[in-house]
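A look at the structure
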Amino acid sequence: MPAQSRPPRPPSRRRSYDQYCAAARALDAVGDRWTLLIVRELLAGPRRYTDLHADLPGVSTDMLAGRLKDMEGNDLVSRRKLPPPVSAYVYELTDRGRELLPVLRALAAWGAPALGEPRPTDAVRAHWFAVPLLDALAGLGAKVVHVALDQGEFHVRRGEDGRFAYGDGPAADAEVLLRTDVATCRELAEGGLTLAEAVESGRAELSEEVSAGRA
């Protein structure tokens, strides 16, 4: 398989509000369309350009390349080459980029009541529910929770410092498995349903993972 080449990088289109205000400075860095959704994807771990493009339906290649360039310039994202035999580049968040998780949590909490039923044009990825469900999953007390939906799987990890991280797919060291559906995830995110109520009503199923991981 040929080595993955770097995607085209159009000239930066950075703009500024030119206001001496902390909120304005933040929006200078993350206020452009797609930027925070790229952060959402990279909070799940390093991603190749092609994988990012696949999980950001609707973004053009030029737009994605431009946003990544701007994010590198703002010290939100770094790019590195994987060791052989992969010969591919990945993008990952810097420490400053990872500090945006609380921002996404607040946005998800604010936006959850507007979700409603999925529209025919809506794309769905399982790991997009990781951020809205962090509070609900924290109540389980497990360090690593594996969540399985019809649309895919993701896992949420709580570090020793109490901070959360999440990733696409299952985790080998998951302690708890949660099986549920998108409608239940939406209600959990909105706060109109607790995880205990979802389990009691049969809308969610909790079980221990096999071998403190997976068989």
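Bear in mind the structure is a predicted one, so any value in this text is a computation, not a measurement.

Some points on the packing of aromatic side chains
Tallying each qualifying case throughout the model produces 0 aromatic pairs. When the ring centre of Tyr89 is taken as origin, the NZ or CZ atom of Arg79, which lies over that ring, is 3.5 Å away.

Quick word on helix H8 (residues 182-190)
When we look at burial in H8, the residues that qualify are Val182, Thr184, Cys185, Arg186, Leu188 and Ala189. Its side-chain oxygen at 3.4 Å from the backbone nitrogen of Ala183, Asp181 defines the N-terminal cap of H8. Gly191 occupies a position one or two residues after H8 and carries a positive phi of about 90°.

Here's the deal with the sheet that holds strand S5 (residues 164-168)
Judged by pairing direction, the sheet is mixed, and its 5 strands sit side by side in the order S5-S4-S3-S6-S7 without closing on themselves. Pairing within the sheet leaves two strands with one partner each, and these edge strands are S5 and strand S7 (205-208). Averaged over all adjacent pairs, the angle separating strand axes in this sheet is 20°, with direction ignored. With 4 bridges joining them, strand S3 (residues 144-149) and strand S6 (residues 176-179) adopt parallel strand pairing. Paired with Ala148 across the bridge in S6 is Arg179.

Considering the side chain of His155
Following the sequence through the fold, His155 ends up in strand S4 (residues 152-158). At 2.8 Å, the side chain of His155 forms a polar contact with the backbone oxygen of Gly169. Not counting chain neighbours up to four residues away, the residues in contact with His155 comprise Val145, His146, Ala165, Tyr166, Gly167, Asp168, Gly169, Pro170 and Ala171.

Some remarks on the pattern of salt bridges
In total, this model carries 15 salt bridges according to the counting rule given. Among the ionic contacts, a cluster of salt bridges with common partners joins Arg40, Glu41, Arg47, Asp55 and Arg125.

Some remarks on the confidence of the model for the protein chain
On average, residues of the protein chain score 90 in pLDDT, and 91% of them are at 70 or above. Ignoring residues within four places in sequence, the model shows residues 8-12, a span with pLDDT below 50, making 12 contacts including any to other chains. Every residue in residues 211-215 scores below 50 in pLDDT, and together they form 13 contacts with partners more than four places removed in sequence or on other chains.

A look at the side chain of His146
Considering the arrangement of structural elements, one finds His146 in strand S3. Take His146: its relative accessible area is 1%, and that puts it in the buried class. In this structure the side chain of His146 is engaged in a polar contact, spanning 2.8 Å, whose partner is the side chain of Glu153.

A look at the environment of Ser16
For Ser16, the position within the fold is in the segment before helix H1 (22-30). Each C-alpha atom, one on Ser16 and one on Asn74, is 12 Å from the other, the two residues being 58 residues apart in sequence. A distance of 2.9 Å separates the side chain of Ser16 from the backbone nitrogen of Asp18, its partner in a polar contact. For Ser16, the side chain forms a polar contact with the side chain of Asp28, separated by 3.0 Å.

Comments concerning the packing of helix H2 (residues 35-42) against helix H4 (residues 61-73)
Remark: H2 packs on H4, axes separated minimally by 10 Å, with the N-to-C direction vectors making an angle of 80°. Judged by the inter-axis angle, H2 sits roughly perpendicular to H4. Along its contact with H2, which presents Thr35, Ile38 and Val39, the element H4 presents Leu64, Arg67, Leu68 and Met71. In terms of residue class, the contact of H2 with H4 is built from 5 nonpolar, 1 polar and 1 charged.

Criteria and thresholds
Residues numbered from 1 in each chain as written. Predicted model: local features only at pLDDT ≥ 70, side-chain atom pairs only at ≥ 80, totals over all residues. Heavy atoms only, no water. Phe/Tyr/Trp six-rings, centres within 6.5 Å; stacked < 30°, edge-to-face > 60°. Lys NZ or Arg CZ within 6 Å of the ring centre and 35° of its normal. Buried < 20%, exposed > 50% of the residue type's maximum accessible area, 1.4 Å probe, protein only. Helix = DSSP H or I, 4+ residues; strand = E, 2+ residues; numbered from the N terminus. Polar contact = N/O pair within 3.5 Å; in protein donor to acceptor, adjacent residues only side chain to side chain. Pairing = 2+ DSSP bridges. Axes fitted to C-alpha atoms, helices over the stretch in contact; angles between N-to-C directions. Contact = heavy atoms within 4.5 Å. Salt bridge = Lys/Arg side-chain N within 4 Å of Asp/Glu carboxyl O. pLDDT = per-residue confidence, 0-100. Parallel < 35°, antiparallel > 145°, perpendicular 65-115°, else oblique. Nonpolar A, V, L, I, M, F, W, Y, C, P; charged D, E, K, R; others polar.

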